[in-house]
Each structure stands twice: as structure tokens, then as C-alpha cells.
Amino acid sequence: MEIINLGKADGLPPVDWAAVVEKLGAGSTPRPDAANSRTTWLSTVNEDGSPHVTAVGALWVDGAFWFQTGADTRKGRNVARDPRCSVAVSIRDADVVIEGDAARVTEPGALAHIAKAWADNGWPAEPDESGPGITAPFNAPSQGSPPWNVYRIEPCSATVVLATEPGGLTRFRF
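Definitions and limits used
Residues numbered from 1 in each chain as written. Predicted model: local features only at pLDDT ≥ 70, side-chain atom pairs only at ≥ 80, totals over all residues. Heavy atoms only, no water. Helix = DSSP H or I, 4+ residues; strand = E, 2+ residues; numbered from the N terminus. Rg over C-alpha atoms; globule rule 2.2 N^0.38 Å. Buried < 20%, exposed > 50% of the residue type's maximum accessible area, 1.4 Å probe, protein only. Contact = heavy atoms within 4.5 Å. Areas by Shrake-Rupley, 256 points an atom, 1.4 Å probe, with all protein chains shown as cover. Lys, Arg positive; Asp, Glu negative; His and termini not counted. Charge placed at Lys NZ, Arg CZ, Asp CG, Glu CD. Core = buried A, V, L, I, M, F, W, Y, C linked by side-chain atoms within 4.5 Å. Arc of directions from axis to C-beta. Polar contact = N/O pair within 3.5 Å; in protein donor to acceptor, adjacent residues only side chain to side chain.

**Looking at the overall build of the chain**
Alright, step 1. Secondary structure assignment for the chain yields 3 helices and 11 strands.
Alright, step 2. Put simply, the chain runs from its N terminus to its C terminus through helices and strands in the order β-α-β-β-β-β-α-β-β-α-β-β-β-β.
Alright, step 3. For a compact globule of 174 residues, the expected C-alpha radius of gyration is about 16 Å, and the chain comes in at 17 Å, within 12% of that figure.
Alright, step 4. If you line up the chain on its principal axes, its C-alpha atoms span 55 × 40 × 30 Å.
Alright, step 5. Counting across all 174 residues of the chain, residues that qualify as buried make up 43%.
Alright, step 6. Intrachain contacts of the chain at a sequence separation of at least 6 include 60% that bridge at least 24 residues.
Alright, step 7. Accessible surface, the chain: about 9100 Å² in total, of which carbon and sulfur atoms supply 53%.
Alright, step 8. Here the chain contributes 15 positive and 21 negative side-chain charges, whose respective centroids are spaced 4 Å apart.

Structure follows, in C-alpha cells:
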């Protein structure tokens, strides 16, 4: 991992990546009592090269962000054509942007693993018995009918802005 301290000129120390990963894994929010404070934003590339940004119910599991979507959604069409994307989320004391490629997950064990993670977080997802996706009793109407495709974004890089003392702005390349 390459660590680039973007706050060095201001006398800031580099951000501790291990602490960020711990907070991502714990589902950390900016404040424990904040309503809807853990919105995760996915940015994909539209066909004309412009960005498409949308909120997603992504989870950080096993060192990557996972999200699901219908094949006919804009984000589904975008990542099928161009897998480059980024995920932005606020955690306790920091803002995080992860960049990487979205890879469709079809392996049954991996689908079962992430479906259980979603279920453990309150969304009763399960692997779809008819094919390589997941299903649940409900989802955002814009996702279309199940089954939904699952994608994993393993970080190529991350930028973290630490909002508390001592502060920090660091880019990580993996």
C-alpha cells in the first residue's frame, strides 16, 4: 500500500488506514443519534462519460464495498459497460472515498455470504435459487424485480479526510 499524506504541507499526520477499515466494518456513522447518517453514494460513468451518482445500500465486508442493483438500472448498465466507480461515505470522524472497479459476483458461496451480511444489517436478502443474484421481500422500486445483481468493489485507491484532531488528508493506493 502506498500512503500519500496530502495534508503534510499543513503539518497534518497521515490518516491511519487500519482505523478507517475498523470503522467501515463496524458501520460507523458520523454521530450515533444521526438519522440517515450513513448514506453511501455510488458514482458510475454514464455512456457519454458524465458521472452518475446515486445512493446505494452498500456494505463494507471483507475489505470491499458490496452493492446490488437491477440489470436494467442506470448504475447496472453503467458498470456492465464500464466498471470504474467510486463509493463515498461518512464515518465517525472522517469522510471516505473508495475508487475501484465493480465486479459482478455470481459465485453461490459469495452471494450467500453477502446476503447474510445484508440480512444481519436488517435487509432480509437471500441468494436467488433461480440464478446468480439475490432476492428479498422488498427493495427500492427503482431496482426492478428480483433477482438483483451483486457487485463487489475492491479498492484501488482511497482518500480519507479526518475531521477531528489532529486532522488529516491521506490518499491510499492499493
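Next comes the rest of the description.
**Description of the nonpolar core**
Alright, step 1. If you look at the biggest cluster of nonpolar residues, it comprises 24 residues, and the most contacted ones within it are Trp 17, Val 20, Phe 65, Phe 67, Ile 153 and Val 160.
Alright, step 2. Listed by contribution, the elements that provide at least two residues to this core are helix H1 (17-25), strand E5 (64-69), strand E6 (84-91), strand E7 (94-105) and strand E10 (149-162).
Alright, step 3. In this structure, Ala 64, Trp 66, Trp 148 and Val 150 belong to the second largest nonpolar core, which totals 17 residues.

**Regarding the environment of Thr 164**
Alright, step 1. Structurally, the position occupied by Thr 164 is in the loop between E10 and strand E11 (168-173).
Alright, step 2. Measuring from C-alpha to C-alpha, the distance between Thr 164 and Ala 94 comes to 7.7 Å, with 70 residues separating the pair along the chain.

**Focus on H1**
Alright, step 1. Taken together, the buried positions of H1 are Trp 17, Val 20 and Leu 24. Projected onto a plane normal to the axis of H1, the buried residues spread over an arc of 60° and lie on a single side. Facing away from the buried side of H1 by more than 90 degrees, the exposed set consists of Ala 18, Glu 22 and Gly 25.
Alright, step 2. On its buried face, H1 sits against strand E4 (59-61), E5, E6, E7, E10 and E11.
Alright, step 3. A side-chain oxygen of the first residue of H1 lies 3.2 Å from the backbone nitrogen of Ala 18; this N-cap is Asp 16.
Alright, step 4. Just downstream of H1, Gly 27 is the residue with a positive phi angle, here 70°.

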